[in-house]
Amino acid sequence: MSHVMNTYARLPVTFVKGEGVWLWDDQGNRYLDALSGIAVCGVGHCHPVLVKALCEQVSTLIHTSNVYHIQHQERLADRLTSLSGLEKAFFCNSGAEANEAAIKLARLYGHNQGINLPTIIVMERSFHGRTMATLTATGNRKTQAGFEPLLTGFVRVPYDDLEAVNKVAANNREIVAILLETYQGEGGVNFPQANYLQGLRRICDQNGWLLMLDEVQCGLGRTGKWFAFQHSEVMPDVMTLAKGLGSGVPIGACLAGGKAAEVFKPGNHASTFGGNPLACRAALTTLDIIEQEGLMDNAVTIGNFMREEFGRRLQAWQDVLKIRGQGMMIGIELPVPCSELVPEALKRRVLINVTSEKVVRLLPALNMQKAEAEQVVTEVSALITWFLENRVK
């Protein structure tokens, strides 16, 4: 590690093998993965169907430039637009790049309407990436610190607060779009009220704005539907994807529909590696696995089981805990900062995450089985109980 930039506070483990929801380190120890690479390995590690498809693709064609037609890219665009109801897809390499594309699309949309300073409403506690534009859009001062000056063209409001959005609409004529995570991940696994997205859609329609949803973490079956917005039956103008789309092969996507679909023209935006044959084959195969193995239904069944079991096993602490989630996106909020739980869980051979300082975040693979889920609940419940007994008076 002496020549790797020190950008992560890495845990003391090196994984060398994965299978399903299990990982093995270089000492031969086995770990139960309840994080799936932070919502990336949605079909588990080294799914045999995915492995076979990738090996075939590597032996056939890995990359060609986007100045040529790419069959797998065209197939993937067809598939994603069919599943989402949107019309066009741009492919890139990550969630941050997908959100950059959305931000650029919104600004170009505004300029095309004669708006001099196209401005995007973004949310507190959000996370959209670490490029300069997505960093500015992110609602976390700690993440932004040291990278000033940030960009102009963003107005921040509280998440799940329609009145705050209405106040901006009444006072700022430069607004062109709203960008938010359908469900917040890094901000603490937060879910809005039932009418929130409908309210945002109505405000956007009234003002001619774009509704842009970041589903980098909550999309691709994680909440029990292909996309989290489908729980509300609200159609966005733009949606961004990444993480679970390629099961670990880097790929992101920015989808657009309606008045946003034809904003980009040749030369407006591009990506050297985006949508190459290997990445798109990984994504197509991932979508096939999710559909053919019924993994969205499994995410609902196992996710409900885990939350119910956490509630039962931690009921003695019900006054200080908040357990929330949908499908395989689960957060357990503790009353005090609890980052020390992550290395402690590692000692117990379970991989978890703490986000927003106080929220234990679980993002298991969509194909986790009940016995494995029960083991996660048992270990994490014991860990939280140990922590609360020692930290909360």
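Preceding block: the structure.
This section reports on the structure supplied with the text.

Criteria and cut-off values
Residues numbered from 1 in each chain as written. Predicted model: local features only at pLDDT ≥ 70, side-chain atom pairs only at ≥ 80, totals over all residues. Heavy atoms only, no water. Helix = DSSP H or I, 4+ residues; strand = E, 2+ residues; numbered from the N terminus. Buried < 20%, exposed > 50% of the residue type's maximum accessible area, 1.4 Å probe, protein only. Polar contact = N/O pair within 3.5 Å; in protein donor to acceptor, adjacent residues only side chain to side chain. 1 Å grid on protein atoms, 1.4 Å probe; cavity = no way out; pocket = protein on both sides within 12 Å on 5 of 7 lines; lining within 4 Å. Points joined across faces, edges and corners; volume = space filled by probe spheres on them. Nonpolar A, V, L, I, M, F, W, Y, C, P; charged D, E, K, R; others polar. Pairing = 2+ DSSP bridges. Right-handed = clockwise from strand over helix to strand, strands pointing away. Axes fitted to C-alpha atoms, helices over the stretch in contact; angles between N-to-C directions. Parallel < 35°, antiparallel > 145°, perpendicular 65-115°, else oblique. Contact = heavy atoms within 4.5 Å. Salt bridge = Lys/Arg side-chain N within 4 Å of Asp/Glu carboxyl O. Core = buried A, V, L, I, M, F, W, Y, C linked by side-chain atoms within 4.5 Å.

Quick look at the side chain of Thr119
Thought 1: Counting through the fold element by element, Thr119 comes out in strand E5 (residues 119–123).
Thought 2: According to the relative accessible area criterion, Thr119 is buried, its value standing at 5%.
Thought 3: Looking at Thr119, its side chain comes within polar contact range of the main-chain oxygen of Leu117, at 2.9 Å.

Focus: empty space enclosed by the protein
Thought 1: Here the structure, examined in full by the defined rule, presents 1 cavity of 30 Å³ or more.
Thought 2: Empty space within the largest cavity amounts to approximately 80 Å³.
Thought 3: Around the largest cavity, the lining comprises 13 residues; the ones closest to its centre are Ala39, Gly219, Leu220, Arg222 and Gly244.
Thought 4: Taken together, the residues of the lining of the largest cavity sort by class into 7 nonpolar, 5 polar and 1 charged.

Some words on the pairing of strand E8 (residues 210–214)
Thought 1: Counting buried residues along E8, 5 of its 5 residues qualify, which places the element largely inside the surrounding structure.
Thought 2: The alternating pattern of E8 places Leu210, Met212 and Asp214 on one face and Leu211 and Leu213 on the opposite face, and all of these are buried.
Thought 3: Summarising the sheet, strand E7 (residues 175–181) and E8 pair through 5 bridges and their orientation is parallel. Bridging across to E8, Ala177 finds its partner in Leu210.
Thought 4: Read as a crossover between parallel neighbours, the route from E7 over helix H8 (residues 196–207) to E8 is right-handed.

Description of the packing of helix H7 (residues 162–171) against H8
Thought 1: Following both chains from N to C, one finds H7 and H8 inclined at 10°, their axes separated by 10 Å at the closest point. In terms of orientation, H7 and H8 fall into the roughly parallel class. Judged by residue contacts, Leu162, Val165, Asn166 and Ala169 of H7 engage Tyr196, Gly199, Leu200, Ile203 and Asn207 from H8.
Thought 2: Tallied by class, the residues present in the contact of H7 with H8 amount to 6 nonpolar, 3 polar and no charged.

A word on the pattern of salt bridges
Thought 1: Tallied over the full model, the rule gives 16 salt bridges.
Thought 2: For the salt bridge of Asp237 with Arg201, the shortest nitrogen-to-oxygen distance reads 2.9 Å. Highlighted residues: Asp237 in the loop between E8 and strand E9 (238–241) and Arg201 in helix H8, separated in sequence by 36 residues. A single burial state applies to Asp237 and to Arg201, both of which are buried.
Thought 3: Across the pair Glu309 and Arg312 runs a salt bridge, and its minimum N-O distance is 2.8 Å. Here Arg312 and Glu309 lie together in helix H10 (residues 295–313), a separation of 3 residues that amounts to about one turn.

Describing the pairing of strand E11 (residues 322–326)
Thought 1: Judged from the 5 bridges that link them, E11 and strand E12 (residues 329–333) form a sheet pairing that is antiparallel. Each bridged residue has a counterpart across the sheet, and for Arg324 the counterpart in E12 is Gly331.
Thought 2: Two successive antiparallel strands, E11 and E12, enclose a turn made up of 2 residues, where Gly327 displays a positive phi of approximately 60°.

Examining the layout of surface pockets
Thought 1: Looking at the second largest pocket, its volume works out to about 750 Å³.
Thought 2: Forming the boundary of the second largest pocket are 28 residues, of which Gln73, Ala89, Phe90, Phe264 and His269 lie nearest the centre.
Thought 3: When contributions to the lining of the second largest pocket are tallied by element, the ones reaching two or more residues are helix H3 (71–84), strand E4 (88–92) and strand E10 (252–256).

Things to note about the sheet that holds E11
Thought 1: Spatially, E11-E12-E15-E14 is the arrangement adopted by the 4 strands of the open sheet, whose pairing is antiparallel. Across the chains shown, the open sheet's two edge strands, defined by having one partner strand only, are E11 and strand E14 (353–355). Ignoring which end each strand starts from, the neighbouring axes of this sheet average 25° apart.
Thought 2: Bridge analysis of E12 against strand E15 (residues 359–362) gives 4 bridges, and the strand direction is antiparallel. When the sheet's bridge partners are listed, Ile332 is paired in E15 with Val360.
Thought 3: Here H10 sits on the sheet and contacts E11, E12 and E15; the angle it forms with E11, its principal contact strand, is near 175°.

Overview of the environment of Lys347
Thought 1: Within the secondary structure layout, Lys347 lies in helix H11 (residues 341–347).
Thought 2: Put simply, Lys347 and Tyr31 are 316 residues apart on the chain and 9.5 Å apart in space, counted from C-alpha to C-alpha.

Points about the nonpolar core
Thought 1: In this structure, Met306 and Val360 are the most contacted members of the largest nonpolar core, which totals 90 residues.
Thought 2: Among the elements that take part in this core, helix H9 (residues 277–292) stands out by supplying 9 residues, more than any other.
Thought 3: For Val360, the residues in contact, after removing those within four places along its chain, are Ile330, Gly331, Ile332, Leu334, Cys338, Leu341, Ile352, Asn353, Val354, Val380 and Ile384.
Thought 4: Counting residues in hydrophobic clusters, the runner-up holds 25 residues, among them Ala177, Leu179, Met212 and Ala260.

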